[in-house]
Amino acid sequence: MWIFLLSDAFSFGALLIAEGILYAGHKPWRQPGEPELGIGFTAVLTFILLCTSLTNVLAWAAAAGGRRKQAAQLLAITALGGAVFLVGQFQEWFGIWAPGLLHEGLVFGQSPRASTFFVITGYHGLHVLIGVAYILAILVGYVRGRVTERQIELLGLYWCFVDFVWVFVFSFVYLLPSLSGA
Amino acid sequence: MTDPEIGRARASSVGHVPAARERAPYLVAFAVLVALTLVEIGVVKSGGIPHRAAVVALIAIATAKAALIALFYMHLRYETRILKLTVLAPLVAPAVYGLLLMLDAAWRHMR
């Protein structure tokens, strides 16, 4: 799992470095008519993801301590948190209860800022989606007695890696460009 | 490295480490992560911090948060030294490349 996560980290690293190179060569980064990124909203999504990392590792601790019911409940909460994150990202992109970035003028392919934003957050969102499916599969297996504490630990490595990567995505895609008013 | 240590590295499980099953360190790490995220937001929203200092602060905070997640939630602090090095050493390469990129951008900006 660690080797897989390392290779995955390189793919995210490559995307963030590509964003950095494009950012350095394009002034202004935010093109006229493009919306600001919602840092407050994304901070809430970040908080949700941090909560799921906690519930995930507590699920493993519960499983390791033989508290099976608690472990299953915490895994379910983790999956729910991941799903909420995905709904939040869908809202951010397309809009559900408020206009999304696409509607507001951040269109893929029209600027380096838009393209890197959608590629990086989309790639991360895909990891979250796979993670939610992974958690649900492990949860079902655990309830049926086919999954061990060891497999929950491996799941935790993957899920916390998703959070690990999000720390850098949040900083490099949302926070750092906003210092220059992008 | 001794044979048992190699065995543990292969298994890469911390289930045998009693401290890893305690909840308190995870809750403390969570509180610190939330606090650091709030500091990040404060750095961006305050507007009174010099640009370069804000950039350095945000990168340092992100690195600290990632380290907390890797050490506590991904259990790296309980792993063997060889696994720690296996994970951390390759990550130095993109970090150095990113640093060079920022120095290059800063140099171009100063010209």
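Residues numbered from 1 in each chain as written. Chains lettered and ligands numbered in written order. Predicted model: local features only at pLDDT ≥ 70, side-chain atom pairs only at ≥ 80, totals over all residues.

Asker: Tell me what's going on with the overall build of chain A, and back it up with residues and numbers.
Answerer: Counting secondary structure elements, chain A contains 6 helices and 0 strands. Expressed along its principal axes, the backbone C-alpha trace of chain A runs to roughly 55 × 35 × 25 Å. The buried share of chain A, reckoned over its 182 residues, is 44%. (Helix = DSSP H or I, 4+ residues; strand = E, 2+ residues; numbered from the N terminus. Buried ≥ 20, exposed ≤ 12 C-beta atoms within 10 Å, placed from the backbone.)

Asker: Provide a residue-level description of the overall build of chain B, including the pertinent values.
Answerer: If you tally the helices and strands in chain B, you get 4 helices and 0 strands. Along chain B, helices and strands appear, N-terminal first, in the series α-α-α-α. For chain B, with 111 residues in total, the buried portion stands at 18%. For chain B, contacts bridging at least 24 residues in sequence account for 68% of all contacts bridging at least 6. (Contact = placed C-beta atoms within 7 Å.)

Asker: Help me get a handle on unusual backbone geometry, residues and values and all.
Answerer: A cis amide bond links Lys-27 of chain A with the next residue in sequence, Pro-28 of chain A, at an omega value of 0°. For Pro-28 of chain A, the position within the fold is in the loop between α1 (2-25) and α2 (39-64).

Asker: Tell me what's going on with the environment of Val-173 of chain A, and back it up with residues and numbers.
Answerer: All names here are of chain A. Note that Val-173 resides in helix α6 (residues 149-179). Between the C-alpha atom of Val-173 and that of Phe-117, which follows or precedes it by 56 residues, the distance is 6.7 Å. Excluding anything up to four places from it in sequence, Val-173 contacts Glu-19, Phe-117, Ile-120 and Thr-121.

Asker: Give me helix α3 (residues 68-94) of chain A: which residues, what numbers.
Answerer: Residues and elements named next belong to chain A. For α3, spanning 27 residues, the distance from its first C-alpha to its last is 39 Å, which sits close to the expected 39 Å at 1.5 Å a residue. Listing the buried residues of α3 in full gives Ala-71, Leu-74, Leu-75, Thr-78, Ala-79, Gly-81, Gly-82, Phe-85 and Glu-92. On its buried side, α3 packs onto α2, α4 (101-104), α5 (112-143) and α6. Positive backbone phi, at 90°, marks Gly-95, one or two positions downstream of α3. (Expected span 1.5 Å × (residues − 1).)

Asker: Any chance you could break down the packing of α1 of chain A against α6 of chain A for me, citing the residues and the numbers?
Answerer: Helix-helix packing is characterised by the crossing angle of the two axes and by the distance between the axes. All names here are of chain A. Where α1 contacts α6, the axes come no closer than 11 Å and their chain directions differ by 5°. The orientation of α1 relative to α6 falls into the category roughly parallel. Contact residues: Leu-5, Asp-8, Phe-12, Leu-16, Glu-19 and Tyr-23 in α1; Leu-157, Phe-161, Val-165, Phe-168, Phe-172, Val-173 and Pro-177 in α6. The residue inventory of the contact of α1 with α6, partitioned by class, reads 11 nonpolar, no polar and 2 charged. (Axes fitted to C-alpha atoms, helices over the stretch in contact; angles between N-to-C directions. Parallel < 35°, antiparallel > 145°, perpendicular 65-115°, else oblique. Nonpolar A, V, L, I, M, F, W, Y, C, P; charged D, E, K, R; others polar.)

Asker: Please provide a residue-by-residue account of the interface of chain B and chain A, values included.
Answerer: In this complex, chain B contributes 35 residues to the contact, which on the side of chain A involves 36 residues. Counting residues per element, the side of chain B that touches chain A draws most heavily on helix α3 (residues 51-73) of chain B, at 11 residues. Considered class by class, the residues forming the side of chain B that touches chain A number 24 nonpolar, 7 polar and 4 charged.

Any link to function would need more than the numbers given here.
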